[in-house]
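Given next are the chains, with one letter for each unit.
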Amino acid sequence: MTDLTDLSLAEAREGLKARRFSATELTRAHLAAMEKAEALNAYVLATPDKALAMAAESDRRIAAGEAGPLEGIPLGVKDLFATEGVRTTACSAILDDFRPPYESTVTRQLWCDGAVMLGKLNNDEFAMGSSNETSAFGPVVNPWRRNGSDTKLVPGGSSGGSAAAVAARLCLGATATDTGGSIRQPAAFTGTVGIKPTYGRCSRWGIVAFASSLDQAGPIARTVRDSAILLSSMAGHDPKDTTSADLPVPDFEAAVTRGVKGLRIGIPKEYRLDGMPAEIEALWQKGAEWLKAAGAEIVEVSLPHTKYALPAYYIVAPAEASSNLARYDGVRYGLRVPGKDIVEMYEKTRAAGFGREVKRRIMIGTYVLSAGYYDAYYLRAQKVRTLIKRDFEQAYASGVDAILAPATPSSAFGLGEKADASPVEMYLNDVFTVTVNMAGLPGIAVPAGLDAQGLPLGLQLIGRPFDEETLFAAGQVIEDAAGRMALPEAWWA
Amino acid sequence: MSVDEKTVRRIAHLARIAVTDAEVPHLQGELNAILDFVEQLGEVDVEGVEPMTSVTPMVMKKRADAVTDGGYPDKIVANAPMSEDDFFMVPKVVE
């Protein structure tokens, strides 16, 4: 029998169903792999006792013929999701040893469907970052390395722990969140599949809030099919989140084999950036050819406000973050640093608890919302956001079913490589992904090949609102054409 | 637009984040780099454009105005750095 951690989620599901192995065996294999992979720093908390108890329950339900759709499937959970009684920190020192007395809706749905929790995964502090280097628990190391090099690379961020753990076979799939690219960029950097569904598809209840009008949960997995299986369990209306959409959840897995025959795929000319590496341009071209060969029609589309998405994002997201993070005051939970009065206590607590990137964003947000600047910054950015969304609406109205673009402007970069750069340089990582959040659309990143250094590159498909199915169908075409991404050799074990 | 040291201190106070004298010039540089970057939004013609208030067209659902949860103050204060008799404890705020 092959190593149980090498299976895809769908293959593991079949194996469990056919009783080739038990949920307990599958969970033990993953716990053992996690123990050997501490060098990657993907998990910030392992929960082996909980995992084995959940796996034993799964084995009991399988034996009783009561198996759920994800019965016995071991998953990792980004530390942004509140897990009842299990430390949840958003990888910030300010949450200290916070143990939520409740479970996030997304994770509750996964456990209700029979999934097993292996532990909590590392991420950029409060999901603010594109390299997982802002985490209070230290950076995550990408399981991929350049050919013939042992330089440590970042896994991307903010869901860097999720992407690294999935790529390194430390779980069969993971939850993640995406505010400006935090699912798709790390998926592209690690050769995994990540989908950010339409805003409102998954409940945000119980997920540590960053920018509420942009945040969405989604899965990272090793195949398109696996990501479809996971999203089916994660999605759905939740009365506890007033922005969650009251729409039926389609059978995402059924959409995977639908193909793209007769679909029109748009290529947005504004995504062709100056100085874009030739490899990215070539991969994008190849992606279009694959889709064409599978029966799709390729057309050029125009999204004229693309270049303004990133600057508008860096007003809207920090503004919302400054409000959301006002709750960390040292009173109700988390860290408290005493002061001579309550204001000094707030100021000292927040100075000690937040990291540099988080402070920077709170301060930018505070500034753009402050009296005298609100109209010039925040209001203008929200108007630009309307224009960005209108660009997509016009493209879709012209008959385009989905849009194909690169996922990232480069492959994974080295740990610390951008440490001395201006914060803006790091922000540019999200240039292809952030438009999608600004417009509330679904987007999927699918591995499409390796660059000359042997590192994975991803392509992104952007869909109409609530049409994730087309993304799974087209994503599968790319996966089939590109061939399944070879897993990185386990140098860390 | 760019911010001076005094403005950095004012923003930090509004955000309730203590900053040291040594941090101020550094923060000033970083904030100005970000403000420089977002300055390009000034080129966009936004005349007559409605600011976005909801990314997906939806009417917010309202639930019945009824108590549906609660009755466990011990759970509410369980994570508090300081509590007493199910109250959060803070430094004195009223003289």
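This is a predicted model, so every value here is computed, not measured. (Residues numbered from 1 in each chain as written. Chains lettered and ligands numbered in written order. Predicted model: local features only at pLDDT ≥ 70, side-chain atom pairs only at ≥ 80, totals over all residues. Heavy atoms only, no water.)

### Quick look at helix H13 (residues 375–397) of chain A
And then number 1: The first and last C-alpha atoms of H13(A) sit 31 Å apart over 23 residues, in line with the 33 Å expected at 1.5 Å per residue.
And then number 2: Just downstream of H13(A) lies A:Gly399, where phi reads positive at about 105°. (Helix = DSSP H or I, 4+ residues; strand = E, 2+ residues; numbered from the N terminus. Expected span 1.5 Å × (residues − 1).)

### Examining the packing of aromatic side chains
Residues and elements named next belong to chain A.
And then number 1: If you walk through the whole model with that rule in mind, you get 16 aromatic pairs over all chains.
And then number 2: With a centroid separation of 5.5 Å and an interplanar angle of 55°, the aromatic rings of Tyr102 and Trp205 are classed as tilted. A residue pair is termed long-range when its members are at least 10 positions apart, and Tyr102 in the loop between strand E2 (74–78) and helix H4 (105–112) and Trp205 in the loop between strand E5 (193–196) and strand E6 (216–221) qualify at 103 residues.
And then number 3: When its relative accessible area of 32% is taken as the criterion, Tyr102 is described as partly exposed.
And then number 4: Here Trp205 falls in the partly exposed class, since its relative accessible area comes to 27%.
And then number 5: Ring geometry for Tyr367 against Tyr377: centres 5.9 Å apart, planes inclined by 55°, an arrangement best described as tilted. Here Tyr367 is found in helix H12 (residues 356–369), whereas its partner Tyr377 is found in helix H13, with ten residues between them in sequence. In this pair, the class of Tyr367 matches that of Tyr377, namely buried.
And then number 6: Put simply, the rings of Phe98, Phe126, Tyr328, Tyr333 and Phe354 touch in pairs and so form one group of aromatic residues. (Phe/Tyr/Trp six-rings, centres within 6.5 Å; stacked < 30°, edge-to-face > 60°. Buried < 20%, exposed > 50% of the residue type's maximum accessible area, 1.4 Å probe, protein only.)

### A look at the pattern of salt bridges
Residues and elements named next belong to chain A.
And then number 1: A complete count under the given rule lists 28 salt bridges over all chains for this structure.
And then number 2: For Arg61, the salt bridge identified is with Glu57, shortest N-O distance 3.4 Å. Of this pair, Arg61 and Glu57 both sit in helix H3 (residues 48–63), four residues apart, which is roughly one turn of that helix.
And then number 3: Among the residues examined, Glu57 registers a relative accessible area of 33% and is labelled partly exposed.
And then number 4: Ionic pairing is found between Arg225 and Glu253, a salt bridge with its closest N-O pair at 2.9 Å. With Arg225 in helix H7 (residues 224–234) and Glu253 in helix H8 (residues 252–255), this pair connects stretches of sequence that are 28 residues apart.
And then number 5: With a relative accessible area of 28%, Arg225 lands in the partly exposed category. (Salt bridge = Lys/Arg side-chain N within 4 Å of Asp/Glu carboxyl O.)

### Thoughts on the UniProt feature "active site" (unreviewed entry) in chain A
Residue and element names in this part refer to chain A.
And then number 1: As recorded in UniProt, the sites labelled "active site" (unreviewed entry) are Lys78, Ser158 and Ser182. Judged by maximum C-alpha separation, these annotated positions cover 105 residues in sequence but sit close together in space, the widest gap being only 11.3 Å. Lining residues of the largest cavity drawn from the annotated set just named are Ser182.
And then number 2: Topologically, Lys78 is positioned in strand E2.
And then number 3: Once residues lying within four places of it in the same chain are set aside, the contact partners of Lys78 are Lys120, Leu121, Asn123, Ala127, Ser158, Ser159, Ser162, Thr175, Ala176, Thr177 and Ser182.
And then number 4: Note on placement: Ser182 falls in the loop between strand E4 (173–178) and helix H6 (184–190).
And then number 5: Classification of Ser182 as buried rests on a relative accessible area of 6%.
And then number 6: Residues within four places of Ser182 in sequence aside, it is in contact with Lys78, Ala127, Gly129, Gly157, Ser158, Ser159 and Thr177.
And then number 7: Reaching out from Ser182, the side chain makes a polar contact with the side chain of Ser158 at a distance of 2.8 Å. (UniProt positions renumbered as here; feature names shortened; annotations may be inferred. 1 Å grid on protein atoms, 1.4 Å probe; cavity = no way out; pocket = protein on both sides within 12 Å on 5 of 7 lines; lining within 4 Å. Contact = heavy atoms within 4.5 Å. Polar contact = N/O pair within 3.5 Å; in protein donor to acceptor, adjacent residues only side chain to side chain.)

### Describing empty space enclosed by the protein
Vacant regions in the atomic arrangement are exposed by a probe of water-molecule size rolled over the atoms.
Residues and elements named next belong to chain A.
And then number 1: Evaluation of the coordinates by the stated rule reveals two cavities of 30 Å³ or more.
And then number 2: In this model, the largest cavity occupies a volume close to 60 Å³.
And then number 3: In terms of lining, the largest cavity is formed by 13 residues, of which the most central are Ala127, Gly129, Ser182, Tyr313 and Asp430.
And then number 4: There is about 40 Å³ of room inside the second largest cavity. (Points joined across faces, edges and corners; volume = space filled by probe spheres on them.)

### Remarks on a negative patch on the surface
Residues and elements named next belong to chain B.
And then number 1: On the surface, a cluster of negative charge is contributed by Asp74, Glu84, Asp85 and Asp86.
And then number 2: Here Asp85 is to be found in the loop between strand E1 (83–84) and strand E2 (87–88).
And then number 3: When its relative accessible area of 64% is taken as the criterion, Asp85 is described as exposed. (Patch = residues over 30% accessible without salt bridge, like charges linked within 9 Å, V, L, I, M, F, W, Y side chains within 5 Å. Areas by Shrake-Rupley, 256 points an atom, 1.4 Å probe, with all protein chains shown as cover. Lys, Arg positive; Asp, Glu negative; His and termini not counted. Charge placed at Lys NZ, Arg CZ, Asp CG, Glu CD.)

### Some remarks on the interface of chain B and chain A
And then number 1: Taken together, the contact between chain B and chain A spans 51 residues of the former and 68 residues of the latter.
And then number 2: In total, chain B and chain A occlude about 5200 Å² of area from one another, counting both sides; carbon and sulfur atoms represent 72% of this.
And then number 3: Linking chain B with chain A are four salt bridges.
And then number 4: With its nearest N and O atoms 2.9 Å apart, the salt bridge here joins B:Glu30 to A:Arg356.
And then number 5: There are 18 residue pairs in polar contact (both at pLDDT 80 or more) connecting chain B and chain A. (Buried area = accessible area lost by both parts, 1.4 Å probe.)

### Quick word on the nonpolar core
Residue and element names in this part refer to chain A.
And then number 1: One finds Phe126, Leu170, Leu291, Phe392 and Leu404 to be the most contacted residues of the largest nonpolar core, which totals 166 residues.
And then number 2: Looking at this core, the element that brings in the most residues is helix H10 (residues 309–324), giving ten residues.
And then number 3: Excluding residues within four positions of it along the chain, Leu170 makes contact with His30, Ala33, Met34, Ala37, Leu40, Ala42, Tyr43, Leu118 and Ala165.
And then number 4: Trp144, Ala167, Phe189 and Ala412 belong to the second-largest nonpolar core, a separate cluster that totals ten residues. (Core = buried A, V, L, I, M, F, W, Y, C linked by side-chain atoms within 4.5 Å.)

### Brief notes about the layout of surface pockets
And then number 1: Its volume calculated, the largest pocket comes out at about 620 Å³.
And then number 2: The class makeup of the residues in the lining of the largest pocket is nine nonpolar, five polar and nine charged. (Nonpolar A, V, L, I, M, F, W, Y, C, P; charged D, E, K, R; others polar.)

### Topic: the UniProt feature "domain: Amidase" (unreviewed entry) in chain A
And then number 1: Within this numbering scheme, the UniProt entry marks residues 25–471 of chain A as carrying the feature "domain: Amidase" (unreviewed entry).
And then number 2: The straight-line gap between the two end C-alpha atoms of residues 25–471 of chain A is 34 Å; of that span, 36% is helix and 14% is strand.

### Overview of the side chain of A:Asn132
All names here are of chain A.
And then number 1: Turning to its location among the elements, Asn132 is positioned in the loop between strand E3 (116–121) and helix H5 (160–167).
And then number 2: On the accessibility criterion, Asn132 (0% relative accessible area) is buried.
And then number 3: In terms of polar contacts, Asn132 uses its side chain to reach the backbone amide nitrogen of Gly160, at 3.1 Å.
And then number 4: Engagement of the side chain of Asn132 in a polar contact is seen with the backbone nitrogen of Gly161, the distance being 3.2 Å.

### Concerning the packing of helix H1 (residues 9–17) of chain A against H7(A)
Residue and element names in this part refer to chain A.
And then number 1: Closest axis-to-axis distance for the H1/H7 pair is 8 Å, and the angle between their directions is 70°. When the interaxial angle is binned, H1 and H7 end up roughly perpendicular. Each of Leu9, Ala10 and Arg13 in H1 lies in contact with H7, whose residues at this interface are Arg225, Asp226, Ile229 and Leu230.
And then number 2: Of the residues in the contact of H1 with H7, the class split is four nonpolar, no polar and three charged. (Axes fitted to C-alpha atoms, helices over the stretch in contact; angles between N-to-C directions. Parallel < 35°, antiparallel > 145°, perpendicular 65-115°, else oblique.)

### Comments concerning the packing of H12(A) against helix H2 (residues 23–38) of chain B
And then number 1: For the pair H12(A) and H2(B), the least separation of the axes is 11 Å and the interaxial angle reads 65°. Of the two elements, H12(A) crosses H2(B), and the hand of that crossing is right-handed. Taking contact as the criterion, the partners of A:Arg356, A:Lys359, A:Arg360, A:Met363, A:Ile364 and A:Tyr367 in H12(A) are, on H2(B), B:Glu23, B:His26, B:Leu27, B:Glu30, B:Leu31, B:Ile34 and B:Leu35.
And then number 2: Considered class by class, the residues forming the contact of H12(A) with H2(B) number seven nonpolar, one polar and five charged. (Left-handed = near helix turned anticlockwise from the far one by under 90°.)

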